[in-house]
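Read off the chains here:
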Amino acid sequence: MEMSFRKLPDNQHELLVRDRKGPDVRLPAQPSGPTMPHDLVHAVVETALGIDDGFWGAMARGATFQGFELVNPGRHRRSGLKVLRRGGDAVMAAEMSVNWAYRVWSGLPTEGRGIGRAPIDEDALAKTGPRLDAAAARWAAVPEGGELLWRWGVDR
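Each chain has its residues counted from 1, following the order in which its sequence is written. It should be noted that, the model being predicted, local features are given only for residues of pLDDT at least 70 and side-chain atom pairs only at 80 or more, the latter also being counted only at that level, while totals for whole chains, interfaces and linings use all residues. For side-chain calculations, the full set of non-hydrogen atoms in the structure is used, while hydrogens and water are omitted.

K.L.:
I'd like a rundown of the side chain of K7, residues and numbers included.
P.N.:
A run of H or I in DSSP becomes a helix once it reaches four residues, and a run of E becomes a strand once it reaches two; helices and strands are each numbered from the N terminus. For K7, the location among the structural elements is in strand β1 (residues 2-8). A polar side-chain atom of K7 sits 2.9 Å from the main-chain carbonyl oxygen of V142. By definition in these notes, contact holds between two residues if any of their heavy atoms fall within 4.5 Å. With residues near it in sequence (within four places) discarded, K7 still touches Q12, W139, A140, V142, P143, E144, G145 and G146. Pairing of N or O atoms within 3.5 Å defines a polar contact, subject to two protein rules: one partner must be a possible hydrogen donor and the other a possible acceptor, and residues neighboring in sequence count only if both atoms are side-chain atoms.

Put into structure tokens, the structure is as follows:
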């Protein structure tokens, strides 16, 4: 599966996902966040931690998430919702791990009211930090209108 993150004006990006079990999908213009797109953070952290049943693993198996549109509208033979019903708990666990890794990496508070227990340990964080640094640098180097390609299961 290949993800193409295109940098748009005003700190926005769009995303095209190709070569997966389901049809090609796109995510229209979204805020990119302070450092890089959230879905790129997912790709980096899930890869670093060997999570193959999280957000991107589900996408590769044909899941469809809110906000994504079919590139070629038509009949979608394989329901993305079925994939999520079977693996939704794993996707949620990955979301928690990704958010925690990003929180630590970006220097946000990790203690205090409303902040739960860490879903990943220090060894996992040691794997994610350098890869988030590298991905942030790759994203920063993309000119407006340019794209960053990420190949699921290949890019590190």
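What follows picks up the thread again.
K.L.:
Can you lay out the pattern of salt bridges for me, pointing to particular residues and giving the numbers?
P.N.:
What counts as a salt bridge is simple: a side-chain nitrogen of Lys or Arg found within 4 Å of a carboxyl oxygen of Asp or Glu. According to the stated counting rule, one finds six salt bridges in the structure shown. We note a salt bridge from E2 to R151, for which the minimum N-O separation is 3.5 Å. Of this pair, E2 sits in strand β1 while R151 sits in strand β5 (residues 147-151); the two residues are 149 residues apart in sequence, bridging distant segments of the chain. Under the relative-accessibility criterion, R151 is labelled partly exposed at 35%. For R6, the salt bridge is made with E147, and the minimal N-O distance between the two is 3.6 Å. Residue R6 is found in strand β1, and its partner E147 is found in strand β5; the two are separated by 141 residues along the sequence. For every residue, the accessible area (1.4 Å probe, protein chains only) is compared with the maximum for its type, and the residue is labelled buried under 20%, exposed over 50%, or partly exposed between those bounds. You can call E147 partly exposed: its relative accessible area is 36%. Several salt bridges converge on common partners, so that one network encompasses R6, E14, R26, E69 and E147.

K.L.:
Residue-level account of the packing of aromatic side chains, with values.
P.N.:
For Phe, Tyr and Trp, where Trp contributes only its six-membered ring, two rings pair if their centres lie within 6.5 Å, and the inter-plane angle classes them as stacked under 30 degrees, edge-to-face over 60, or tilted in between. Within this structure, the stated rule accounts for four aromatic pairs. Pairing F55 with F68 gives two aromatic rings, centres 6.3 Å apart and planes at 40°, and the pair type is tilted. Taken together, the residues F55 in helix α2 (residues 55-60) and F68 in the loop between α2 and β4 (69-70) connect sequence positions 13 residues apart. For the ring pair Y102 and W105, a centre distance of 5.7 Å and an interplane angle of 45° mean the geometry is tilted. Residue Y102 and its partner W105 are located together in helix α3 (residues 80-105), separated by three residues, close to a single helical turn. A residue is classified by how much of its surface remains accessible, and Y102, at 19% relative accessible area, is buried. Residue classification places W105 among the partly exposed positions, given a relative accessible area of 22%.

K.L.:
Go over the side chain of T128 with me, naming the residues and quoting the values.
P.N.:
Structurally, T128 is set in helix α4 (residues 122-140). We classify T128 as buried; its relative accessible area is 1%. Not counting chain neighbours up to four residues away, the residues in contact with T128 comprise V45, A48, L49 and A101.

K.L.:
A description of the packing of helix α1 (residues 38-48) against α4 should follow, citing residues and the corresponding values.
P.N.:
Structural elements are reduced to axes, namely lines fitted to C-alpha atoms, with helices fitted over the stretch in contact, and the angle between N-to-C directions of any two is expressed from 0 to 180 degrees. Interhelical geometry of α1 versus α4 gives an angle of 145° and a closest axis separation of 9 Å. Two packed elements cross with a definite hand, and for α1 against α4 that hand is right-handed. In this structure, α1 uses L40, V41, V44, V45, T47 and A48 to contact α4, whose residues at the interface are K127, T128, R131, L132, A135 and W139. We call Asp, Glu, Lys and Arg charged. Ala, Val, Leu, Ile, Met, Phe, Trp, Tyr, Cys and Pro are nonpolar, and the rest, Gly among them, are polar. Grouping the constituent residues of the contact of α1 with α4 by class yields eight nonpolar, two polar and two charged. Should the near helix be turned anticlockwise from the far one by less than a right angle, the crossing is left-handed, and should it be turned clockwise, the crossing is right-handed.

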